[in-house]
Amino acid sequence: MSEKFDVIVVGAGPAGTSCAYECAKAGLNVIQIERGEYPGAKNVMGGVLYRKQMEDIIPEFWKEAPVERPVIEQRLMMLDKESAITIGYKGLEFAREPYNAFTVLRSKFDQWFASKAVEQGSLLITETVVLEVIVEDGRVIGVRTDRPDGDVYADVVVLADGVNSLLGKQLGFHKELRPDEVALAVMEVINLPAERIEERFNLEPNQGCTYEIFGDGTNGILGTAFIYTNKESINIGVGAMLSGMIRERLRPHDLLDRLKSHPLIRPLIKGGEPQEYLAHLIPEGGFRSIPKIVGNGVLVVGDAAQFVNGVHREGSNMAMTSGRLAAETIIMAKEAGDFSENMLDSYRIKVLDSFIGKDLKKYEDIHLFEKNPQYFKEYLPALNRAASEFFTVDGTPKKEKQKKMLQLMTQSKSKLKVINDLYKAWRVMK
Ligand code: FAD
């Protein structure tokens, strides 16, 4: 395999395939190397794929891609032991073209997407592990794979190898991930007949919904639990900061078992048949954890560059946009015949100037909620108790009720401390 290509892409997740697709479409000689048996075989995602960033690459993709249901309703649940405050939005405009988002099963979607890159002329090699990046005179010139004679050379190598990018580490672009930079997520795909999903979630055929669950779903650790509806299955999972799990001595599958047996969640999955169990890390370090993403002859995209917005559950879209922007830069570099760090740096500038850089910067202090567990562990249950008081009709005059609700909110803390915490939270989210 010691051939020379224009571009080597390591990894066939959404970031790598977006880059391979765009480069091949522009006529570049591309090889994409994936360690899994097929693209998607090793990939885990809650399952919401956003239309806009995918459509920037393949217009009207939903007409042929294996999508599950268009997402028409998104609910946020603040869950306590046996209650929840729920807010959300359901809009029928999301059930029609051009749509907003779809649920997908990555094992099907990634295969389809990679096949589109192949149609553009990209060469896809599966069941092949890239062991290391080949560096000569300070420049990345290729990769070493686990195949016999498995060295491959190119003008530029794109690292799209996911959250724990060993190749990025080899180049010294980033260090070992710290437990407060990653969430550990586990999820199950549970089979349920379509009619039952539609009854339980109040949906018509070809409509889907998502639940993001805070508080008791993660035992108060910073993170979210989730439920997403597919055509004939439900994805249910929990992702919580690794630092929090270590602190609380929790194991991820215990969190998932707790969620599945929660009295408000259990009826939604009752009678379903577990089909698949998956676990994965999610890069949640935010803006400050972005590693070096450009070097001589090398670019880093997607999760390998830590591009995930945990607040809005956006990762696959950032992966696709970063892959596309990397391709734009490579095409420009090819025209100039210059693959130096200086030339490729326009990728970094474009990414930071896009919604990726701007959104990650906006939430750069989100770890306030991890360092201060009172938000999910005390205020959220207190809000539930206040809501219960509000909805209980027991003859108490409303003015007295309001007072009682305020007392419930500030029970174990001074009013000043509560106001200070609320102010800090507002500053992080604003
Ligand atoms: P990946 O999808 O991880 O792909 C990396 C690929 O590289 C893999 O196929 C892997 O096999 C391959 N690879 C790695 N190392 C090598 C090597 N050395 N040689 C060859 N191949 C290699 N995002 C959303 O937008 N919506 C959601 O609802 C959502 N939910 C999520 C729920 C969970 C539980 C998790 C874990 C993540 C979720 N995300 C979600 C985030 C999203 O999945 C990621 O941001 C996205 O998959 C990143 O794409 P990627 O291509 O960068 O990396």
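Residues numbered from 1 in each chain as written. Predicted model: local features only at pLDDT ≥ 70, side-chain atom pairs only at ≥ 80, totals over all residues. Heavy atoms only, no water.

## Regarding the pairing of strand 11 (residues 182-191)
Two faces, one strand: in a regular strand the side chains alternate between the faces of the sheet.
Working step 1: Burial analysis of strand 11 places nine of its ten residues in the buried class, which makes it a mostly covered element.
Working step 2: Inspection of the sheet shows strand 11 paired to strand 14 (residues 233-241) by nine bridges, in the antiparallel sense. Counterpart to A183 in the pairing with strand 14 is M241. (Buried < 20%, exposed > 50% of the residue type's maximum accessible area, 1.4 Å probe, protein only. Helix = DSSP H or I, 4+ residues; strand = E, 2+ residues; numbered from the N terminus. Pairing = 2+ DSSP bridges.)

## Describing the nonpolar core
The tendency in soluble globular proteins is for nonpolar side chains to be buried as a group.
Working step 1: With 70 residues, the main nonpolar core has F61, F307 and Y347 as its most contacted residues.
Working step 2: The contacts of F61, once residues within four sequence positions are left out, are L49, R51, M54, E55, V67, F102 and W112.
Working step 3: Counting residues in hydrophobic clusters, the runner-up holds 42 residues, among them C209, I227, L259 and Y375. (Core = buried A, V, L, I, M, F, W, Y, C linked by side-chain atoms within 4.5 Å. Contact = heavy atoms within 4.5 Å.)

## As for the side chain of Q207
Working step 1: Inspection of the secondary structure assignment puts Q207 in the loop between helix 5 (194-200) and strand 12 (208-215).
Working step 2: You can call Q207 buried: its relative accessible area is 10%.
Working step 3: Separated by 3.0 Å, the side chain of Q207 and the backbone nitrogen of E204 make a polar contact.
Working step 4: Apart from the residues lying within four places of it in its own chain, the contact partners of Q207 are R69, P70, I72, L92 and A95. (Polar contact = N/O pair within 3.5 Å; in protein donor to acceptor, adjacent residues only side chain to side chain.)

## Let's talk about the domain arrangement of the chain
Working step 1: On domain assignment, one finds that the chain holds domain 1 (4-66 + 105-174 + 291-353), domain 2 (180-283) and domain 3 (368-429).
Working step 2: Centre-to-centre separation of domain 2 and domain 3, based on C-alpha positions: 26 Å.
Working step 3: The partner domain 3 presents six residues to the twelve residues of domain 2 that form the contact.
Working step 4: Considering only the surface of domain 2 that becomes buried against domain 3, G220, L222 and R247 emerge as the three largest contributors, covering 54% of it.
Working step 5: A salt bridge links E248 to K377, with the shortest nitrogen-to-oxygen separation between them at 3.2 Å.
Working step 6: Along the contact surface separating domain 2 from domain 3 lie five residue pairs in polar contact (both at pLDDT 80 or more).
Working step 7: Those elements giving two or more residues to the side of domain 2 that touches domain 3 turn out to be strand 12 and helix 6 (242-247).
Working step 8: Here the side of domain 2 that touches domain 3 gets three residues from one element, more than from any other, and that element is helix 6.
Working step 9: Considered class by class, the residues forming the side of domain 2 that touches domain 3 number four nonpolar, six polar and two charged. (Domains from an automatic or database assignment. Buried area = accessible area lost by both parts, 1.4 Å probe. Salt bridge = Lys/Arg side-chain N within 4 Å of Asp/Glu carboxyl O. Nonpolar A, V, L, I, M, F, W, Y, C, P; charged D, E, K, R; others polar.)

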